Amino acid sequence: NLPGGIPASLLYDFILRHQRSATIKFSDPSYLELCQKYLQYCRAAEDIVNELGPTAIIASHALSATGPLVWFGLLKGARVIVPFGANGVAWYWSLTDTKQIFDLQDRPTYEEINLLPDDKRKDLRELGKKIINRRLDGDVQEFGPRKAFRERHAFVDRISLCKKMSWKIEKPIVAVYISNWFDFPHTYGMRNFSNFLDWINSILEVARKTSHCNWLLKPHPCDKWYGGVTIEQLVDVENSDHIGIANDSWSGKYVLKAIDAVITCHGTIGLEATSMGVPVLVSDRGWYDTIGFVKTVRNRDDFINKIATSWWVDMDMRRNQDLANTFI
């Protein structure tokens, strides 16, 4: 129970980020220090808002150290603006209610997309496809896609991938795209899992017993830049003949062409893969799960049950591609 009803998940992610760990290390001396620091941020934020009574707040983030200031400002009726960049353009996320703190950014709803005139939807669809193609070619300045698609350019196709992993080529390949372990897992209000380690362990428990497909674990492209723990340190797949870890040098674009389906929590891969015609399953609340171009789940159990099946076979990928590109 934090001051003003601040969600505990904001504190959790703040600690995780500073410890650069996949799960909170309660025995580490930094744990209590970080809790104390965050409580000080909460008190300071409440004092600032009460004393100044701002009608508007410009904040670099709506989480981490600035989260409390955003939260108390919204409680007092202030409008919050969070500037950020996407596709080389400056954007401004506007918040007027604490319920929006896990939305991360303004975005169109399915209803808004559906109401677009046909010619406008077609124009947006074509533009979205161009944006995704630029990302896949690494022709962007954004850090994540630059790491995933420009700096990693080694060729791989289905044949060479299966040969490297000693997999049968006729088996479907399901790629699990892992977010960075400590990069604010609760950004969008994650509720089905405690963190990304809990998420991947749940998937692996099913994968080890599910051999009708091959499982490719894809680490986040920024893991080495961030530092901290790696997937090799956290999971052991050496004794499995149908689970493997993607080579760090492989081009993200080529990997997408070699696989049959994608599982992610809320990564941008949900947009990139769908745009390329690869089915996507998301495991939790995110920023595009309500638009209709990815398969969603009701809860943790539903997710675990789904990944044991060929969940991707009944998806209308032509429709999903069009919707994803329009959303993009």
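Shown above is the structure to which this text applies.
In short, a report on the structure. All figures in this text were calculated on a predicted structure; none of them were measured in a lab.

Attention shifts here to the nonpolar core. Within soluble globular proteins, side chains that are nonpolar tend to cluster in buried spots. Membership of the largest hydrophobic core comes to 68 residues, with the highest contact counts inside it found for Trp199, Ile200, Trp215, Leu217 and Ile263. Of all the elements, helix H8 (residues 196-207) adds the most residues to this core, at 8 residues. Ala175, Ala246, Ile291 and Ala324 belong to the second largest nonpolar core, which has 36 residues in total.

We now examine the state of the cysteines. Going through the model one piece at a time under the given rule, you end up with 0 disulfides. Here cysteine 162 is not cross-linked by a disulfide; its sulfur's nearest cysteine counterpart is in cysteine 213, at 12 Å. For cysteine 162, a relative accessible area of 3% translates into the label buried. The thiol of cysteine 265 is unpaired, and the distance to the nearest cysteine sulfur, on cysteine 222, comes to 17 Å.

Before going further, it helps to examine unusual backbone geometry. One non-glycine residue, arginine 20, lies in positive phi territory at about 50°. The topology assignment puts arginine 20 in the loop between helix H1 (8-19) and helix H2 (29-52). Positive phi outside glycine occurs at phenylalanine 184, with the angle close to 50°. Mapping phenylalanine 184 onto the fold places it in the loop between strand E4 (173-177) and H8. In this structure phenylalanine 184 comes out as buried when scored by relative accessible area, which is 10%.

Turning our eyes to something else, we now look at the packing of H2 against helix H3 (residues 67-75). Where H2 contacts H3, the axes come no closer than 8 Å and their chain directions differ by 35°. Of the two possible hands of crossing, H2 and H3 adopt the one that is right-handed. Packed against H2, whose contacting residues are Tyr38, Tyr41, Cys42, Ala45, Glu46, Ile48 and Val49, the element H3 presents Pro68, Leu69, Phe72 and Gly73 at the interface. Each residue belonging to the contact of H2 with H3 can be placed in one class, and the counts come to 9 nonpolar, 1 polar and 1 charged.

A sheet is described by the order of its strands in space; here 5 strands give the open sequence E6-E5-E4-E7-E8, paired in parallel fashion. Where the open sheet ends on each side, the last strands, each with one partner, are strand E6 (243-245) and strand E8 (280-282). Sheet twist, expressed as the mean angle between neighbouring strand axes with direction ignored, is 20°. In the sheet, strand E7 (residues 261-264) pairs with E8 via 3 bridges, with the strands oriented parallel. Of the residues in E8, the one forming a bridge with valine 262 is valine 280. Where helix H7 (residues 158-165) meets the sheet, its contacts fall on E4, strand E5 (214-218) and E6, and the angle it forms with E4 comes to roughly 80°. Across the sheet, helix H13 (residues 300-307) is in contact with E5, E7 and E8; its angle to E8 comes to roughly 150°.

Thresholds applied
Residues numbered from 1 in each chain as written. Predicted model: local features only at pLDDT ≥ 70, side-chain atom pairs only at ≥ 80, totals over all residues. Heavy atoms only, no water. Core = buried A, V, L, I, M, F, W, Y, C linked by side-chain atoms within 4.5 Å. Buried < 20%, exposed > 50% of the residue type's maximum accessible area, 1.4 Å probe, protein only. Helix = DSSP H or I, 4+ residues; strand = E, 2+ residues; numbered from the N terminus. Disulfide = S-S within 2.5 Å. Axes fitted to C-alpha atoms, helices over the stretch in contact; angles between N-to-C directions. Left-handed = near helix turned anticlockwise from the far one by under 90°. Contact = heavy atoms within 4.5 Å. Nonpolar A, V, L, I, M, F, W, Y, C, P; charged D, E, K, R; others polar. Pairing = 2+ DSSP bridges.

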